[in-house]
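# A structural walkthrough
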Amino acid sequence: MTNYKAKRSNLKVLLSKSGMTLDSLERNTNIPRSQLDDYLSKKVMNLNCAMTISKELNCQIEDLYVWASEVK
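On a predicted model such as this, the values are computed, not experimentally measured, just so you know. (Residues numbered from 1 in each chain as written. Predicted model: local features only at pLDDT ≥ 70, side-chain atom pairs only at ≥ 80, totals over all residues. Heavy atoms only, no water.)

## Quick look at the packing of helix 2 (residues 22-29) against helix 3 (residues 33-40)
What counts, and what does not: Between the N-to-C directions of two axes lies an angle of 0 to 180 degrees, each axis being a line fitted to C-alpha atoms and, for a helix, fitted only over the stretch in contact. Where helices and strands are cited, they refer to DSSP runs of H or I of at least four residues and of E of at least two residues respectively, numbered from the N terminus. Should an angle fall under 35 degrees it is called roughly parallel, over 145 degrees roughly antiparallel, and 65 to 115 degrees roughly perpendicular, with every other angle called oblique. Helix crossings fall into two classes, left-handed where the near helix is turned counterclockwise from the far one by less than a right angle and right-handed where it is turned clockwise. Note on contacts: a residue pair is in contact if any heavy atoms of the two residues lie within 4.5 Å. Amino acids are sorted into nonpolar (Ala, Val, Leu, Ile, Met, Phe, Trp, Tyr, Cys and Pro), charged (Asp, Glu, Lys and Arg) and polar (every other residue, Gly among them).
Viewed as axis vectors pointing N to C, helix 2 and helix 3 meet at an angle of 120 degrees, and their least axial separation amounts to 10 Å. As far as their axial angle goes, helix 3 and helix 2 are oblique. Crossing handedness for the pair helix 2 and helix 3: right-handed. Contacts from Leu22, Asp23, Leu25 and Glu26 of helix 2 reach helix 3 at Arg33, Leu36, Asp37 and Leu40. For the contact of helix 2 with helix 3, the class distribution of residues is four nonpolar, no polar and four charged.

## A short note on the packing of aromatic side chains
Worth spelling out the cut-off: A pair of aromatic rings is counted whenever rings of Phe, Tyr or Trp (Trp by its six-membered ring) have centres within 6.5 Å, and the orientation is called stacked for planes under 30 degrees apart, edge-to-face for over 60 and tilted otherwise. Relative accessibility under 20% of the residue-type maximum defines a buried residue, over 50% an exposed one, and the middle range a partly exposed one, all with a 1.4 Å probe and only protein chains included.
Under the counting rule described, the total for this entry stands at one aromatic pair. Arranged with centres 5.9 Å apart and planes meeting at 70 degrees, the rings of Tyr65 and Trp67 form a pair that is edge-to-face. Relative accessible area serves as the criterion here: at 7%, Tyr65 is assigned to the buried category.

## A few points about the packing of helix 2 against helix 4 (residues 47-56)
Following both chains from N to C, one finds helix 2 and helix 4 inclined at 115 degrees, their axes separated by 10 Å at the closest point. Relative to helix 4, the element helix 2 lies roughly perpendicular. Seen along the crossing, helix 2 lies across helix 4 with a hand that is right-handed. When helix 2 is examined against helix 4, the residues Leu25, Asn28 and Thr29 are found in contact with a partner set consisting of Thr52, Ile53 and Glu56. Residues belonging to the contact of helix 2 with helix 4 are distributed by class as follows: two nonpolar, three polar and one charged.

## Digging into the nonpolar core
Convention followed: What we call a nonpolar core is a set of buried Ala, Val, Leu, Ile, Met, Phe, Trp, Tyr and Cys residues that are connected through their side-chain atoms within 4.5 Å.
Counting residues in hydrophobic clusters, the biggest one holds 18 residues, and the most contacted among them are Leu11, Leu25, Tyr39, Met45, Ile53, Leu57 and Leu64. When residues of this core are traced back to their parent elements, those giving at least two are helix 1 (11-18), helix 2, helix 3 and helix 4. Leave out the neighbours within four places in its chain, and Leu25 touches Leu11, Leu15, Met20, Asn30, Leu36, Ile53 and Glu56.

Here you go:
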């Protein structure tokens, strides 16, 4: 069995690729800027926020982080 853990946020890269700013992401998703700032660091998003952000950035949920895997 392989377990996965979010290693680091990929949100900054995805924002850059999409040409979107944090301000516009905040406006379009109604997720507070302070929460988005947390997501730029290591804080892991809840599933609802991850789905909302991934749809806005036109990516998959798993694209929001760089993942580490561990085989058990």
